[in-house]
Amino acid sequence: MVRHTAVDEYAVDLEGCTKQFTTPSGDTYVAVRDINLKVRPGRFVSVVGPTGSGKSTILNMAAGLLSPTEGTARSFGQQVKGVNRRASYMFQQDGLLPWKTVIDNVSLGLTMAGVGKADARAEAQRWLEKVGLKDFSDRYPHQLSGGMRKRTAVAQAWIVNPDILLMDEPFSALDVQTRQIMENELLALWQESGKAVIFITHDLDEAIALSDEVVILGAGPGSTVVASYDITLPRPRDLLEIRDDPQFVELHREIWGRLRVEVSKTYQSSALAGGGAE
Ligand SMILES: Nc1ncnc2c1ncn2[C@@H]1O[C@H](COP(=O)(O)OP(=O)(O)OP(=O)(O)O)[C@@H](O)[C@H]1O
């Protein structure tokens, strides 16, 4: 595959993307409307927004798992058609295969790409060392803690050396301490990697702590990008300390002021519809 490396190319470029779905009753539901989101190589961008505002829909368009109804999704200058091969995806639920050992789960992406089994296992072992699991390679997923499963999923996503990481609430199921440790480890891996990250989260603290940019989606239906904030906190960041930083506190106050408006619109419309809040 020809790789385009011009610096002005975006790893992900959603231009005027609208996505509508047909609901089970046959109605048309516009989930997101006219989304413009550009992510350069090496940038860490988080997307936050109320529940149902279309965060996963956006990620799925970048991944090529959904095609926009209108507009164009591009990756490194190429229109995304089918699965975006430049990207790895990490979901809230990890995709570990329960019948395979940790090392076989991690090496799977390489063997599927045609790498020989011995080379793939050697590389997987190197990744397991990187994520602190070198002594757990022969375990099965059900024999791991939640944090260890996430580490395995991180190794699985990174081993194929993607240019883009698409992460949909990857750490939301973890306890607070494990989550902060995993966030720190993710940043340490990402820092020098040059990879573009789109990170979906409900947690504004997490979004600010990790990102170069935080993008806010408005309330649905027909959500669109209502605001975007550059996060200029210096790097490297220690996520166990950063939440006490006065600059962090000020950014949080400002961004939450905007996000809160969209969250309360969603709350009000779901209360009017008799649904109540989550
Ligand atoms: N396949 C589908 N068919 C019909 N509607 C869909 C489909 N997929 C998503 N939607 C709707 O599109 C809207 C956006 O969904 P999406 O999952 O992208 O939101 P989200 O912001 O990620 O939500 P949450 O924060 O709750 O995870 C929701 O109202 C959802 O019900």
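See above for the structure.
Now for a quick tour of the structure. Please read all numbers here as calculations on a predicted model, not as lab measurements. (Residues numbered from 1 in each chain as written. Predicted model: local features only at pLDDT ≥ 70, side-chain atom pairs only at ≥ 80, totals over all residues. Heavy atoms only, no water.)

Here's the deal with the sheet that holds strand E5 (residues 78–79)
Whenever strands of a sheet pair, they do so through backbone hydrogen bonds, lying parallel or antiparallel.
Now for step 1: The four strands lie next to each other as E2-E1-E4-E5, forming an open sheet whose pairing is antiparallel. Two strands in the sheet have a free side with no partner beyond their single neighbour: strand E2 (28–39) and E5.
Now for step 2: Inspection of the sheet shows strand E1 (residues 12–22) paired to strand E4 (residues 70–75) by four bridges, in the antiparallel sense. Note that in E4 the partner of Thr 18 across the bridge is Glu 70. (Pairing = 2+ DSSP bridges. Helix = DSSP H or I, 4+ residues; strand = E, 2+ residues; numbered from the N terminus.)

Quick look at the layout of surface pockets
Now for step 1: Each pocket or cavity is described by its volume, and for the largest pocket that value is around 860 Å³.
Now for step 2: As for the largest pocket, its lining consists of 28 residues, of which Ala 87, Ser 88, Tyr 89, Gln 156 and Val 160 are closest to the centre.
Now for step 3: Sorting the residues of the lining of the largest pocket by element identifies strand E6 (87–90), helix H2 (102–112) and helix H4 (146–158) as the ones contributing at least two each.
Now for step 4: Counted by class, the lining of the largest pocket contains 15 nonpolar, eight polar and five charged residues. (1 Å grid on protein atoms, 1.4 Å probe; cavity = no way out; pocket = protein on both sides within 12 Å on 5 of 7 lines; lining within 4 Å. Points joined across faces, edges and corners; volume = space filled by probe spheres on them. Nonpolar A, V, L, I, M, F, W, Y, C, P; charged D, E, K, R; others polar.)

A short note on the pattern of salt bridges
Now for step 1: Applying the stated criterion across every chain, the model contains 19 salt bridges.
Now for step 2: The salt bridge partner of Arg 151 is Glu 185, with a shortest N-O separation of 2.9 Å. Of this pair, Arg 151 sits in helix H4 while Glu 185 sits in helix H5 (residues 176–191), and the two are 34 residues apart along the sequence.
Now for step 3: According to the relative accessible area criterion, Arg 151 is buried, its value standing at 16%.
Now for step 4: A relative accessible area of 31% means that Glu 185 is categorised as partly exposed.
Now for step 5: Residues Glu 183 and Arg 243 are paired through a salt bridge, measuring 3.3 Å at the closest nitrogen-oxygen approach. (Salt bridge = Lys/Arg side-chain N within 4 Å of Asp/Glu carboxyl O. Buried < 20%, exposed > 50% of the residue type's maximum accessible area, 1.4 Å probe, protein only.)

Details of the site of the ligand
Now for step 1: Lining the immediate surroundings of the ligand are 13 residues, of which Thr 51, Gly 54, Lys 55, Thr 57 and His 202 lie closest.
Now for step 2: At 3.5 Å, a side-chain N or O of Tyr 29 approaches an oxygen atom of the ligand.
Now for step 3: In this structure, an oxygen atom belonging to the ligand sits 3.0 Å away from a main-chain N or O atom of Gly 52.
Now for step 4: Burial of the ligand by the protein chains amounts to 64% of its free accessible area of 640 Å².
Now for step 5: Every element with two or more residues in the shell around the ligand is listed here: E2 and helix H1 (55–63).
Now for step 6: In terms of residue class, the shell around the ligand is made up of four nonpolar, seven polar and two charged. (Near = heavy atom within 4 Å. Polar contact = N/O pair within 3.5 Å; in protein donor to acceptor, adjacent residues only side chain to side chain. Areas by Shrake-Rupley, 256 points an atom, 1.4 Å probe, with all protein chains shown as cover.)

Quick notes on the pairing of strand E7 (residues 164–168)
Successive residues of a regular strand alternate their side chains across the two faces of the sheet.
Now for step 1: Most of E7 is tucked away: five of the five residues are buried.
Now for step 2: The alternating pattern of E7 places Ile 164, Leu 166 and Asp 168 and Leu 165 and Met 167 on opposite faces, both of which are buried.
Now for step 3: The pairing of E6 with E7 spans four bridges and is classified as parallel. Across the sheet, Ala 87 pairs through a bridge with Ile 164, a residue of E7.
Now for step 4: Of the pairings in the sheet, the one linking E7 to strand E8 (residues 196–200) comprises five bridges and is parallel in character. Bridging from a neighbouring strand, Asp 168 pairs with Ile 200 of E8.
Now for step 5: For the handedness criterion, the β-α-β arrangement of E7, H5 and E8 is classed as right-handed. (Right-handed = clockwise from strand over helix to strand, strands pointing away.)

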